[in-house]
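# Geometric and topological summary
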Amino acid sequence: MKVLVLGSGAGGGFPQWNCNCRLCAGQRQGVLDACARTQSSVAVSADGESWVLLNASPDIGQQIRSHPQLHPRHGLRDTPIKAVVLMDAQIDHVAGLLGLREGPRIDLYATPCVFEDLTTSFPVLGVLEHYCGTRWHMLAVAGTQTRIDFGVAGFPSLRFTAVAIPGKAPPYSPHRREQTVGDNIALLIEDLQGGQRLFYAPGLAEVGPEELRWMHDADCLLLDGTFWTEDEMRHAGLGTRSASDMGHLPQTGTGPRAGMVDALLATPARRKVLTHINNSNPILDAASAQRQLLEGHGIEVAYDGMEISL
């Protein structure tokens, strides 16, 4: 299995276009050891020829142009992107669908909650019907159904499992204040030929016993790295919301609420990678004490263009 990190930043990317915080300003001025990041999205392939897109960020056009693996190869109009699987309906994960409108009909995999959001409050799918259109594949994670195994046409050697996880629906969703099963999923992707497994969850509000069980089954973890601390935004002067308010588990925790680093250290995965990094997170600075701590634990920080082979 081949995994290509197209974008490793949280909403707004890094540096964020309207942000002059220490990290964003330092990156622009070249005084910080930090690379620019587009908004998070990943592509997965079994053979390096055909790809499944996991989330479609608003930066999808730039991401495709920056990665030759996704360039057209056959005929005047072509794309090796054969399907899109959505983890949620957040704007930074779905707005890129509009950027795919010049291509063929999109084979789109999502839960009922996500399809509801994208046809009502944020009707992207209705707009696309006037362009390429979409072919819906419903992932029945809803109600008491908290997981489903599925395949993607054209990828017979990859098995996908969608798992409901704790998180937040988008601010525009009617489910924002009360979590509904299917608002947020993670994916366990298994290469049926070699047996290797990837667990992907760019948005994760909590790691409980159930999430840990899924993480234990994976050879590679590609997980939510949005914030370093719970009150990071407030301390940076960038907002009043906490990591919990925004549906993310920070890397470090206090009291009974352990952070993502503790969760990762409790798993046997060979590769442990953080993605969806917010512009306020000090791990963006490769010289920071926080980054050195992660490296000491064998935890990697994803970057745009990162390639993982399993």
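Refer to the structure printed above.
On a predicted model such as this, the values are computed, not experimentally measured, just so you know.

### Examining the overall build of the protein
Secondary structure assignment for the protein yields nine helices and 14 strands. Expected size for 310 residues packed as a compact globule is a radius of gyration near 19 Å; at 18 Å, the protein falls within 12% of this value. Seen through its C-alpha atoms, the protein measures out along the principal axes to roughly 50 × 45 × 40 Å. Considering the protein as a whole, with its 310 residues, one finds that 55% of them fall into the buried category. Intrachain contacts of the protein at a sequence separation of at least 6 include 67% that bridge at least 24 residues.

### A look at the sheet that holds strand E13 (residues 299-301)
Strands pair in a sheet through their backbones, by hydrogen bonds, and they do so in one of two ways: parallel or antiparallel. With mixed pairing, seven strands are arranged side by side in an open sheet as E7-E8-E9-E10-E11-E12-E13. Of all strands in the sheet, those bounded by a partner on one side alone are strand E7 (147-150) and E13. Each strand axis lies, on average, 20° off the axis of its neighbour in the sheet, ignoring direction. Packed on one face of the sheet, helix H6 (residues 209-216) meets E7, strand E8 (158-164), strand E9 (185-191), strand E10 (197-201) and strand E11 (220-224) and runs near 165° to E8.

### Describing the sheet that holds strand E14 (residues 307-309)
Taken together, seven strands build an open sheet; the order of strands is E6-E5-E4-E3-E2-E1-E14 and the sheet is mixed. Each end of this open sheet is capped by a strand with a single partner; those strands are strand E6 (134-138) and E14. The sheet shows a mean angle of 25° between the axes of neighbouring strands, taken without regard to direction.

### A short note on the pairing of E9
In terms of burial, E9 is a largely internal element, seven of the seven residues being buried. Across the two faces of E9 the burial is the same, with Ile-185, Leu-187, Ile-189 and Asp-191 and Ala-186, Leu-188 and Glu-190 all buried. The pairing of E8 with E9 spans seven bridges and is classified as antiparallel. Bridge pairing links Arg-159 to Glu-190 in E9. Examined bridge by bridge, E9 and E10 share four bridges and lie antiparallel to one another. Bridge assignment links Glu-190 to a residue of E10, and that residue is Arg-197. A loop of five residues connects E9 with E10, the two strands running antiparallel in sequence, and Gly-195 in this loop sits at a positive phi of about 85°.

### A look at the side chain of Glu-190
Within the element layout of this structure, Glu-190 appears in strand E9. Using a relative accessible area of 12% as the deciding quantity, one classes Glu-190 as buried.

### A few points about unusual backbone geometry
Here the residue pair Phe-14 and Pro-15 is connected by a cis peptide bond, since its omega of -5° sits within 30 degrees of zero. Along the chain, Pro-15 falls in the loop between strand E1 (2-7) and helix H1 (22-29). Within the chain, Asn-55 stands out as a residue other than glycine whose phi angle is a positive 75°. Although it is not a glycine, His-276 adopts a positive phi angle of roughly 60°. Residue placement: His-276 occurs in the loop between strand E12 (271-275) and helix H9 (289-296).

### Let's talk about the side chain of Gln-63
Residue placement: Gln-63 occurs in helix H2 (residues 60-66). Residues within four places of Gln-63 in sequence aside, it is in contact with Leu-6, Gly-7, Thr-38, Gln-39, Ser-41 and Ser-57.

### Quick word on the pairing of E8
Burial of E8 is extensive: six of the seven residues sit out of reach of the surface. As paired elements, E7 and E8 share four bridges and run antiparallel to each other. Residue pairing in the sheet places Phe-150 in a bridge with Phe-160 of E8.

### Thoughts on H6
Residues of H6 that are buried include every one of Glu-211, Trp-214 and Met-215, and no others. Each buried residue of H6 sits inside an arc of 100° when the element is viewed along its axis, so together they form one side. Check the buried side of H6 and you find it contacts E7, E8, E9, E10, E11 and helix H8 (260-265).

### Considerations on the pattern of salt bridges
Applying the stated criterion across every chain yields a total of nine salt bridges. One salt bridge connects Glu-102 with Arg-101, and the closest N-O pair in it is separated by 3.7 Å. According to the relative accessible area criterion, Arg-101 is partly exposed, its value standing at 35%. A single network of salt bridges, built from pairs that share partners, joins Arg-159, Glu-190 and Arg-197.

### Remarks on the state of the cysteines
According to the stated counting rule, one finds zero disulfides in the structure shown. Free of any disulfide, Cys-19 has its nearest cysteine sulfur in Cys-21, 3.5 Å distant.

### Brief notes about the packing of aromatic side chains
Aromatic ring pairs are defined here through the distance separating the ring centres and the angle between the ring planes. All told, the structure shown has four aromatic pairs when counted by the stated rule. Seen from their ring centres, Phe-115 and Trp-136 are 4.5 Å apart, and the 20° between their planes marks the pair as stacked. Of this pair, Phe-115 sits in helix H4 (residues 112-119) while Trp-136 sits in strand E6, and the two are 21 residues apart along the sequence. Since its relative accessible area comes to 3%, Phe-115 is described here as buried. Through a chain of ring-to-ring contacts, the aromatic side chains of Tyr-109, Phe-150 and Phe-160 assemble into a single cluster.

The rules behind the values
- Note on numbering: residues in each chain are counted from 1, in written sequence order.
- Reporting in this predicted model follows two pLDDT cut-offs: at least 70 for local features of residues, and 80 or more for side-chain atom pairs to be given and counted; totals over whole chains, interfaces and linings ignore these cut-offs and use all residues.
- Values shown for side chains rest on all heavy atoms present in the structure; no hydrogens or waters enter the calculation.
- A run of H or I in DSSP counts as a helix once it spans at least four residues, and a run of E counts as a strand once it spans at least two, with each numbered from the N terminus.
- Our radius of gyration looks at C-alpha atoms and nothing else; its globule reference is 2.2 Å times the residue count to the power 0.38.
- Exposed residues in this analysis have more than 50% of their type's maximum accessible area, buried residues have under 20%, and partly exposed residues fall in between, with area computed by a 1.4 Å probe over protein chains only.
- Should any heavy atoms of two residues lie within 4.5 Å, those residues are considered in contact.
- A strand pair is defined by DSSP finding two or more bridges across the two strands.
- Only C-alpha atoms enter the line fits that serve as axes; for helices the fit covers just the stretch in contact. Angles between N-to-C directions range over 0 to 180 degrees.
- Each direction from the helix axis to a C-beta atom contributes to the arc, which is the arc of those directions.
- Put simply, a salt bridge is a Lys or Arg side-chain nitrogen that is within 4 Å of an Asp or Glu carboxyl oxygen.
- Only a pair of cysteine sulfur atoms within 2.5 Å qualifies as a disulfide here.
- Between rings of Phe, Tyr and Trp, where Trp is taken as its six-membered ring, a pair exists when centres lie within 6.5 Å; planes separated by under 30 degrees are stacked, by over 60 edge-to-face, and by other angles tilted.

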